[in-house]
Amino acid sequence: MIPRTVYNEDHEQFRDTVRKFLEKEAIPFHGQWEKDGQVDRALWNKAGEMGFLCPQISEAYGGLELDYGYNSIIDEEIARAGLSGIGWGLHSNIAVPYIINYGTEEQKKKYLPKCISGEIVTAIAMTEPGAGSDLQGVKTTAIKKGDHYLLNGSKTFITNGQHADLVIVVAKTDPSEGASGVSLLLVDAQSAGFQKGSNLEKIGMKAQDTSELFFDDVEVPVENLLGAEGQGFIYLMQELPQERLSVSIFAVSNSEAALQWTIDYVRERKAFGKPIAAFQNTQFKLAEMDSELTALRVFVDRCLELHYEKKLDIATAAKAKLLTTDFQCKLLDECVQLHGGFGYMWEYPIARSWADARVQRIYAGTNEIMKLIISREILREI
Ligand SMILES: Cc1cc2nc3c(=O)[nH]c(=O)nc-3n(C[C@H](O)[C@H](O)[C@H](O)COP(=O)(O)OP(=O)(O)OC[C@H]3O[C@@H](n4cnc5c(N)ncnc54)[C@H](O)[C@@H]3O)c2cc1C
């Protein structure tokens, strides 16, 4: 094992606290939450009390002002335990950073303390039924009418969609423009005309609430514009590397856990009078998976280091997302195979992770879009 150097002793103590919390407050209940289609809302408030939500927020707004390593440790522990229903990563690493980085002082004072405490759950609504990869093509409009924007349209596949109290909505403030017509709005889920659709039924991540959202003449006060009008697309491009790093961290940690579950299983399970681990096929599969995983862990840790220094570029984050999520799915498929029929049973964590992992290649930009980003960078000179 190559020793990890991205975390110090304080990080590791924090990991211990997160792990113990999850063992007590989440692992025993996750199976029920999968049936409910969402985690217990109270988990968010408990996490807030523990300092697990947005630990990076500065003390001025009641935060712990910790480095991004703390966010990633939370991701790693959730991934390691296969707790795919917990949407803290979307909140702390993806949605709230828009408020931190582009919000006005008033917006920060109003929202950040409640994002830390768990009183406010956030979501980010980019995708629409007709526009996912091609975000410039969003049809949701926010037309300025005096002191408010009139928001109309619909979104789909929105993580934390049922629990969300505050949604960052990607909308066209100038529908005649492409990317330069896109703005971000902070929309209160209690606003008149805002409706949450049904909790979508998915093939994995069953405890994660994922929803359609509908906006029918929602009046959004002009002071809820996030950043400048027409700059939304640029903000999205700036924030997506962190989102993709977060997905990569999850992928590697979940893969490590899945490999360990499989190692334990093949040592125990017997066929033809010997443990499955005694077959050369098993040994070679484990060796291949472990080798690739070692390389990806080192790569992702290096990306995390670069991110600490604010030097993680868009193409490198895309490479991490592409490689780690493709690998996670490949590894889980091999691990299910080594579990035989038991690997197909929902009660086995390997089965759940196999189903959960599939979306990793789809959200945060599909892996085909990652290839577009990387190839554009390679061919920039042409
Ligand atoms: C569980 C889940 C949670 C999600 N959470 C959120 C969320 O919180 N907020 C949010 O806004 N969205 C969320 N999404 C949406 C997700 O980001 C989109 O599904 C994703 O970006 C792909 O968009 P799409 O589904 O419209 O697919 P499409 O864009 O229609 O793509 C279909 C296929 O075409 C390929 N394709 C598209 N364009 C190109 C191209 N130029 N070149 C090559 N291939 C291409 C894609 O790679 C894909 O294989 C979530 C989705 C899921 C399933």
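Parameters and conventions
- Residues numbered from 1 in each chain as written.
- Predicted model: local features only at pLDDT ≥ 70, side-chain atom pairs only at ≥ 80, totals over all residues.
- Heavy atoms only, no water.
- Helix = DSSP H or I, 4+ residues; strand = E, 2+ residues; numbered from the N terminus.
- Rg over C-alpha atoms; globule rule 2.2 N^0.38 Å.
- Areas by Shrake-Rupley, 256 points an atom, 1.4 Å probe, with all protein chains shown as cover.
- Lys, Arg positive; Asp, Glu negative; His and termini not counted.
- Charge placed at Lys NZ, Arg CZ, Asp CG, Glu CD.
- Expected span 1.5 Å × (residues − 1).
- Bend = angle between axes of the 7 residues up to and from the residue.
- Buried < 20%, exposed > 50% of the residue type's maximum accessible area, 1.4 Å probe, protein only.
- Near = heavy atom within 4 Å.
- Polar contact = N/O pair within 3.5 Å; in protein donor to acceptor, adjacent residues only side chain to side chain.

Chemist: I'd like to hear about the overall build of the chain, residue by residue, with values.
Modeler: Secondary structure assignment for the chain yields 11 helices and 10 strands. Taken against the 2.2 N^0.38 rule, which gives 21 Å for 382 residues, the C-alpha radius of gyration of the chain at 21 Å falls within 12% of a compact globule. Put simply, the chain shows about 17,400 Å² of open surface, and 53% of that area lies on carbon and sulfur atoms. Averaging the coordinates of the 40 positive side-chain charges in the chain and doing the same for the 54 negative ones gives two points 4 Å apart.

Chemist: Can you break down the environment of A257 residue by residue, with the values?
Modeler: Position of A257 relative to the elements: it lies in helix α7 (residues 232-268). In sequence terms A257 and I78 are 179 residues apart; their C-alpha atoms lie 11 Å from each other.

Chemist: I'd like a description of helix α5 (residues 88-102), backed by residues and values.
Modeler: Here α5 contains 15 residues, and its C-alpha end-to-end distance of 20 Å stays within 8% of the 21 Å for a straight helix at 1.5 Å per residue. Of all the bends in α5, the largest measures some 45 degrees and sits at V96, one to four residues before the proline P97. Counting buried positions along α5 yields 13 of 15 residues, so the element is predominantly enclosed.

Chemist: How would you summarise the site of the ligand if you had to cite specific residues and measurements?
Modeler: Close contacts around the ligand come from 17 residues, with T127, S133, T159, T366 and E368 the closest. Between the ligand and S133, the relevant distance is 2.6 Å, taken from an oxygen atom to a side-chain nitrogen or oxygen of the residue. With respect to the ligand, the side chain of E368 contributes an N or O atom lying 2.6 Å from an oxygen atom. Burial of the ligand by the surrounding chains reaches 64%, relative to a free accessible area of 970 Å². For the shell around the ligand, the secondary-structure elements that each account for two or more residues are β1 (122-125), β3 (148-159) and α11 (367-378).

This is a description of form; function is not addressed.
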